[in-house]
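Notes for the structure review
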Amino acid sequence: MVRDLPTGSALLALARDVLLNDLMPLLPPTAHLEARLVANSMAITEHEAISGAAPAQRILHELQELYGERGEGEGEEGLVRRFACDLRAGAFEEGEPRERHAHEILWRLTIVKLRNANPRFLNANGLS
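Throughout, residues of each chain are indexed from 1 in the direction in which the sequence is written. Per-residue local features of the predicted model are confined to residues with pLDDT of at least 70, and side-chain atom pairs are confined, for both listing and counting, to 80 or more; whole-chain, interface and lining totals are unaffected and use all residues. The side-chain figures draw on all heavy atoms in the structure; neither hydrogens nor water molecules are used.

1. Quick word on the packing of aromatic side chains
Aromatic pairing here means that ring centres of Phe, Tyr or Trp (its six-membered ring) are within 6.5 Å. Orientation follows from the plane angle: under 30 degrees is stacked, over 60 is edge-to-face, and everything else is tilted. By the definition in use, this model includes 2 aromatic pairs. Summarising the aromatic geometry, the rings of Phe-83 and Phe-92 are spaced 5.6 Å apart at their centres and angled 50° between planes, so their arrangement reads as tilted. For Phe-92, a relative accessible area of 4% corresponds to the buried category. By the ring-pair criterion, three or more aromatic residues cluster together here, those being Tyr-67, Phe-83 and Phe-92. Working rule: Lys NZ or Arg CZ, within 6 Å of ring centre, within 35 degrees of ring normal, means a charge sits over the ring. In this structure, Arg-82 packs its charged tip against the face of Tyr-67, placed 3.9 Å from the ring centre. Partly exposed describes any residue whose relative accessible area lies between the buried limit of under 20% and the exposed limit of over 50%, with all areas from a 1.4 Å probe on protein chains only and scaled to the type maximum.

2. Digging into the layout of surface pockets
Every definition here rests on a 1 Å grid over the protein atoms only: cavities are sets of points where a 1.4 Å probe fits but cannot get out, pockets are open sets enclosed by protein on both sides within 12 Å along at least five of seven lines, and lining residues have some atom within 4 Å of a point. Grid points are joined across faces, edges and corners, and a volume is the space filled by probe spheres set on the points. In this structure, the second largest pocket encloses a volume near 160 Å³. Arg-16, Asn-40, Ala-43, Ile-44, Glu-46, His-47, Asn-116, Ala-117, Asn-118, Pro-119 and Arg-120 are the residues that line the second largest pocket. Looking at the lining of the second largest pocket, the elements with two or more residues in it are helix H2 (32–51), helix H5 (96–117) and helix H6 (119–124). Ranked by residues supplied to the lining of the second largest pocket, first place goes to H2 with 5 residues. Under this grouping Gly is polar, as are all residues other than the nonpolar Ala, Val, Leu, Ile, Met, Phe, Trp, Tyr, Cys and Pro and the charged Asp, Glu, Lys and Arg. When the residues that make up the lining of the second largest pocket are grouped by side-chain class, the tally is 4 nonpolar, 4 polar and 3 charged. Two domains each put at least three residues into the lining of the second largest pocket: domain 1 (8–51) and domain 2 (54–124). The way it works is that DSSP assigns letters per residue, a run of H or I at least four long becomes a helix, a run of E at least two long becomes a strand, and they are numbered from the N terminus. An automatic or database domain assignment supplies the residue ranges for each domain.

3. Overview of empty space enclosed by the protein
On inspection of all chains with the given rule, the structure shows 1 cavity of 30 Å³ or more. What lines the largest cavity is Ala-56, Ile-59, Leu-60, Leu-63, Glu-76, Val-80 and Leu-109. Among the secondary structure elements, those contributing two or more residues to the lining of the largest cavity are helix H3 (54–67) and helix H4 (76–89). Considering every element that reaches the lining of the largest cavity, the biggest residue donor is H3, with 4 residues. Taken together, the residues that form the lining of the largest cavity break down as 6 nonpolar, no polar and 1 charged.

4. Digging into the side chain of Glu-46
One can find Glu-46 in helix H2. This buried residue, Glu-46, is left without a salt bridge; Arg-16 holds the nearest opposite charge, at 5.9 Å. The criterion used for residue contact is that any of the two residues' heavy atoms lie within 4.5 Å. In this structure, Glu-46 is in contact with Ser-9, Leu-12 and Ala-13, ignoring residues within four places of it in sequence. Positive: Lys, Arg. Negative: Asp, Glu. His and the chain ends are not part of the count. Any Lys or Arg side-chain nitrogen found within 4 Å of a carboxyl oxygen on Asp or Glu counts as a salt bridge.

5. Details of H4
Each helix should span, by expectation, one fewer than its residue count multiplied by 1.5 Å. The terminal C-alpha atoms of H4 lie 20 Å apart, and with 14 residues this matches the ideal 20 Å at 1.5 Å per residue to within 8%. Among the structural elements, H3 and H5 are those in contact with the buried residues of H4. One or two positions beyond H4, positive phi appears at Gly-90, with a value near 75°.

Keep in mind that these numbers describe shape and distance, not what the molecule does.
In structure tokens:
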């Protein structure tokens, strides 16, 4: 599908720039925190739009592989929730291969989330 220009991520970047550079100076100081929260939310959404669904799809596939047929009918959110519950319960401590697989999925999930929410942290720590 051919998309119109500018792209959604470019529009978010422009709106964020206007908010921070043009509108924020006009706001009372008591509203600056809220404006920065909105700007940060826009930045996260922009990063998600740029990175696309591929990383999340890979993690979903990994979770389905980890859980086998039992995970096939669950959506991404359900599998991630189940994975978190199993991690807390120590379900992957029963054997080295399964524990290593869970650790790899958790690491990739963490990197994807950081890439969207705080890419500067990844760059600063050589993890980009």
